[in-house]
2 protein chains.
Amino acid sequence: MTISVKLQRKETTTINSNFHKLKPEKKELIINAAIKEFVRNGFDKASTNEIVKEAKISKGSLFNYFNNKKDLYVFLIDHGIHVIEKHLYEKIDLDETDLFKRIEKIGWQKLHIHSKYPHVFDFLASSIQEESPEVKDIIKQKVDPVYERGTEIIFKHIDYSKFREGIDIEKAIEILNWTMFGFGDKAIKQINTFEDIGEFGDQYLKEWELYSEILKNSFYK
Amino acid sequence: MTISVKLQRKETTTINSNFHKLKPEKKELIINAAIKEFVRNGFDKASTNEIVKEAKISKGSLFNYFNNKKDLYVFLIDHGIHVIEKHLYEKIDLDETDLFKRIEKIGWQKLHIHSKYPHVFDFLASSIQEESPEVKDIIKQKVDPVYERGTEIIFKHIDYSKFREGIDIEKAIEILNWTMFGFGDKAIKQINTFEDIGEFGDQYLKEWELYSEILKNSFYK
DNA sequence: ACGCCATTGACCACACTGGTCATTTCATGC
DNA sequence: GCATGAAATGACCAGTGTGGTCAATGGCGT
C-alpha cells in the first residue's frame, strides 16, 4: 500500500491556444484592455466585464481564450516580461559606454514600446504591489528577476571615469533616474496630442537633451 | 403669484457634529482609515465596511458621524486642505530666499504632517484623478486652487540671481521637484523602520543635503 | 446546403455594497 | 444601585456587480 501525497500542484496555466490564432490586432486589443483594467484596479477588483467591454469581445470569448481570470493575469505577466526582454533589454547597445547616451537610447525604446503596449511598464511595476494571494507568489517569482536583470544590464560597461571627483555616483544615478521618470510621465501625458509618433519622438528627444545637459553639467568633469 | 425655481441646490454637506465631539485620537483613526481606503480604491470602489474595520468602529457609528459616503469624502477633502494650508503653507518662511533652504524646510514640515496623517498628500493628489461624477466637480472646485496657491507660495520671493547664467531655471526646478518626490518616496518607505521620528528626521535631513549639494553644484554659479 | 467551430450574451449563485434601526452598552447624576 | 438619555453596535435589507457557464447563433470553407 502506498500513500500518495500531493505536495505541490503542478502549475497548469496553459493558455488555451485559441487565443494565439487570433489576428495580432485583436490580440493586442484584448491584451491592452486587460492590462489597463488590471493596472487600474489590481487583480481582485479588476472586472472581466470591463475588460470584454473595452476589448469589444464577448464574455464567452474571453473565457474561451483563457481558462479563468488568474490564467489571463499570468499570461499578461509573461507577455509583459517578454516585451521588455525582447524590445528593451536585448536592444541595449553595450558598446555605448556614456551613461547619458545609453539612457537616451533606452528612453527611445521605451517610447516605441509605449506606442504599442501603452501600459506594460505600469502593469509590471504595479504588479509588484499586488496583494492578492492568488497571484502574489507567481509575480514575485517572475517579475523580481526581470527588474534585477534590468538594473544590472542598464548600467553594464558604463564609463564612470567621466564623473567628477568626489561626486556620489550612486546618488547621481538616482537623481538621473527620478528625472527620467518625471520627464517620462510628462511626455506620456503629451503624447496623445500628437498624431505621428516619429514627430513626437523628435521633439521629445530634443527636450530631453535640455534636461540631460543640466545634469551632465553637474555630474561630469 | 410667484414662481420659485430651485436653480441650484444648496450644498447641505453638514457634517453631523457628533464626530467633532470624539476624542482627537479616535477622530484621527477614523480619518486615516477612511483616507487610506479612498486612496487605495477611489470614491466608488472604496468600501465603508473596510473603513469601519480599519478604524475599529461599527458601521452604525460611521453613518452616525457622517450622513453618507459622499459627505465623508467631502469632509476628508476639506480636512486635507485644512491640514496643508495650516501646517504647510502658513509655515513657509518667505524671508528664506534661498531655493534649496526653502525646499529643505518644506520637506521637514511634510515629514511632520506625514507622521500624523500618513496619506493626506496622496489623498489630495489622487483626488484630482477621481472620475466619479458624484464628487468630481466638488474636488475640482476645492482642490485645484490649493495646488495653484501652493506652487505660487512655494516659489515666492526666491532669489533666482544665484542661478548660473544660461541655465533654464524652469527645467532646473522641475528636476529639483522630481528629485524631491523620488527622495521623499524612498524616505517614506524607510520611515516605518524608525521608532523616533526626530531621529529619523535628522538622518533624513543629512541625506537630503547630499542630493541637494549635487544639484546646487549644477544650478548655482 | 451542410458541417464545424468561433462567438455571443442571457443566465447563475453568490459576494459585497451603502445605508438603516431596533437593541444593547455606557456614562452620568442622584 | 438605580434611572435616564446618549452613543455604539451589528444583523439586516434591497440592490448591484462578480467570475464563470453554456445552449443558441452566425458565418465561413467546401
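Residues numbered from 1 in each chain as written. Chains lettered and ligands numbered in written order. Predicted model: local features only at pLDDT ≥ 70, side-chain atom pairs only at ≥ 80, totals over all residues. Heavy atoms only, no water.

## A look at the packing of aromatic side chains
Then comes step 1: One pass over the full model with this rule turns up 36 aromatic pairs over all chains.
Then comes step 2: Both rings, one in Trp178(A) and one in Tyr211(B), keep their centres 5.6 Å apart while their planes meet at 40°; by these two values the pair is tilted. Here Trp178(A) is found in helix 8 (residues 169–191), whereas its partner Tyr211(B) is found in helix 10 (residues 197–219) on a different chain. Here Trp178(A) and Tyr211(B) have matching classes, each one buried.
Then comes step 3: Pairwise contacts between aromatic rings join Trp178(A), Phe183(B), Phe200(B), Tyr204(B), Trp208(B) and Tyr211(B) into one cluster.
Then comes step 4: Between the NZ or CZ atom of Lys69(A) and the centre of the ring of Phe43(A), over which it lies, the distance is 5.1 Å.
Then comes step 5: Here Lys110(A) stacks its cationic end above the ring of Phe181(A), 5.2 Å away from the centre of that ring. (Phe/Tyr/Trp six-rings, centres within 6.5 Å; stacked < 30°, edge-to-face > 60°. Helix = DSSP H or I, 4+ residues; strand = E, 2+ residues; numbered from the N terminus. Buried < 20%, exposed > 50% of the residue type's maximum accessible area, 1.4 Å probe, protein only. Lys NZ or Arg CZ within 6 Å of the ring centre and 35° of its normal.)

## Overview of the nonpolar core
Then comes step 1: One finds Phe219(A) and Phe219(B) to be the most contacted residues of the largest nonpolar core, which totals 48 residues.
Then comes step 2: Of all the secondary-structure elements, those providing two or more residues to this core are helix 5 (99–116), helix 8 and helix 9 (197–219) of chain A together with helix 6 (99–116), helix 9 (169–191) and helix 10 of chain B.
Then comes step 3: Leaving out residues up to four positions away in the same chain, Phe219(A) has contacts with Phe100(A), Lys162(A), Phe163(A), Arg164(A), Ile167(A), Ala172(A), Ile175(A), Leu176(A) and Ile214(B). (Core = buried A, V, L, I, M, F, W, Y, C linked by side-chain atoms within 4.5 Å. Contact = heavy atoms within 4.5 Å.)

## Quick notes on the protein's contact with DNA strand C
Then comes step 1: Of all residues adjacent to DNA strand C, which total 19 residues, the nearest are Tyr65(A), Ala46(B), Thr48(B), Asn49(B) and Lys59(B).
Then comes step 2: Looking at DNA strand C alone, sugar and phosphate atoms form 56% of those within 4 Å of the protein.
Then comes step 3: A distance of 2.6 Å is found between a base oxygen of DNA strand C and a side-chain nitrogen or oxygen belonging to Lys59(B).
Then comes step 4: Going through the elements one at a time, helix 3 (59–65) of chain A together with helix 3 (48–55) and helix 4 (59–65) of chain B are the ones with two or more residues in the surface near DNA strand C.
Then comes step 5: Looking at the surface near DNA strand C, the element that brings in the most residues is helix 3 of chain A, giving 5 residues.
Then comes step 6: Looking at the surface near DNA strand C residue by residue, the class counts come to 5 nonpolar, 9 polar and 5 charged. (Near = heavy atom within 4 Å. Polar contact = N/O pair within 3.5 Å; in protein donor to acceptor, adjacent residues only side chain to side chain. Nonpolar A, V, L, I, M, F, W, Y, C, P; charged D, E, K, R; others polar.)

## Regarding the protein's contact with DNA strand D
Then comes step 1: Around DNA strand D sit 18 residues, and of these Ala46(A), Thr48(A), Lys59(A), Lys69(A) and Gly60(B) come closest.
Then comes step 2: Here the atoms of DNA strand D within 4 Å of the protein split so that 55% fall in sugar or phosphate, with bases taking the remainder.
Then comes step 3: Thr48(A) places a side-chain nitrogen or oxygen 2.7 Å from a phosphate oxygen of DNA strand D.
Then comes step 4: Within the residue set of the surface near DNA strand D, elements represented by two or more residues are helix 2 (48–55) and helix 3 of chain A together with helix 4 of chain B.
Then comes step 5: In terms of residues, the surface near DNA strand D owes the most to one element, helix 4 of chain B, which gives 4 residues.
Then comes step 6: Grouping the constituent residues of the surface near DNA strand D by class yields 5 nonpolar, 8 polar and 5 charged.

## Structural notes on the confidence of the model for chain A
Residues and elements named next belong to chain A.
Then comes step 1: With 92% of its residues at a pLDDT of 70 or more, chain A has an overall mean of 90.
Then comes step 2: Confidence scores differ between elements of chain A, with helix 9 showing the lowest mean pLDDT of 89 and helix 2 the highest of 98.
Then comes step 3: For the stretch residues 1–12, pLDDT sits under 50, and the model shows 2 contacts to residues farther than four places along the chain or on other chains. (pLDDT = per-residue confidence, 0-100.)

## Digging into the relation of the copies chain A and chain B
Then comes step 1: In the superposition of chain A on chain B (RMSD 0.0 Å, axial shift 0.0 Å), the rotation amounts to 180°. The transformation just described matches what one would write down for a two-fold rotation axis. Of every C-alpha in chain A, the one belonging to Ser218(A) sits nearest the axis of rotation, 2.2 Å from it.
Then comes step 2: Most of the interface of chain A is mirrored in chain B, where 100% of its interface residues again form contacts. (Least-squares fit on C-alpha atoms with pLDDT ≥ 70 in both.)

## Considerations on helix 1 (residues 24–45) of chain A
Then comes step 1: A rise of 1.5 Å per residue sets the reference length of helix 1 of chain A, with its 22 residues, at 32 Å; its end C-alpha atoms lie only 28 Å apart and thus fall more than 12% short of the reference.
Then comes step 2: Of all bends in helix 1 of chain A, the biggest is about 80°, found at Val39(A).
Then comes step 3: Looking only at helix 1 of chain A, the buried set comprises Ile30(A), Ile31(A), Ala33(A), Ala34(A), Ile35(A), Glu37(A), Phe38(A), Asn41(A), Gly42(A) and Phe43(A).
Then comes step 4: For helix 1 of chain A, the elements touching its buried residues are helix 2, helix 3, helix 4 (69–87) and helix 6 (120–127) of chain A together with helix 2 (24–45) of chain B. (Expected span 1.5 Å × (residues − 1). Bend = angle between axes of the 7 residues up to and from the residue.)

## Points about the pattern of salt bridges
Then comes step 1: Scanning all chains against the criterion turns up 30 salt bridges over all chains.
Then comes step 2: The shortest N-O distance in the salt bridge between Glu131(B) and Arg40(A) comes to 3.9 Å. With Glu131(B) in the loop between helix 7 (120–127) and helix 8 (136–154) and Arg40(A) in helix 1, this pair bridges two chains. Side by side, Glu131(B) and Arg40(A) carry an identical accessibility label, which is exposed.
Then comes step 3: Two residues, Glu50(A) and Lys53(A), come together in a salt bridge whose shortest N-O distance is 3.2 Å. Residue Glu50(A) and its partner Lys53(A) are both found in helix 2; the two are separated by 3 residues, about one turn of the helix.
Then comes step 4: The class for Lys53(A) is exposed, based on a relative accessible area of 57%.
Then comes step 5: What you see here is one network of salt bridges that share partners, running through Asp93(A), Glu96(A) and Lys105(A). (Salt bridge = Lys/Arg side-chain N within 4 Å of Asp/Glu carboxyl O.)

## Re the packing of helix 2 of chain B against helix 7 of chain B
All names here are of chain B.
Then comes step 1: Packing of helix 2 against helix 7 brings their axes to within 9 Å, and their N-to-C directions diverge by 40°. Put simply, helix 2 runs oblique to helix 7. As helix 2 runs across helix 7, the sense of the crossing is left-handed. Each of Ile 35, Phe 38 and Val 39 in helix 2 lies in contact with helix 7, whose residues at this interface are Val 120, Asp 122, Phe 123 and Ser 126.
Then comes step 2: Across the contact of helix 2 with helix 7, the residue classes tally to 5 nonpolar, 1 polar and 1 charged. (Axes fitted to C-alpha atoms, helices over the stretch in contact; angles between N-to-C directions. Parallel < 35°, antiparallel > 145°, perpendicular 65-115°, else oblique. Left-handed = near helix turned anticlockwise from the far one by under 90°.)

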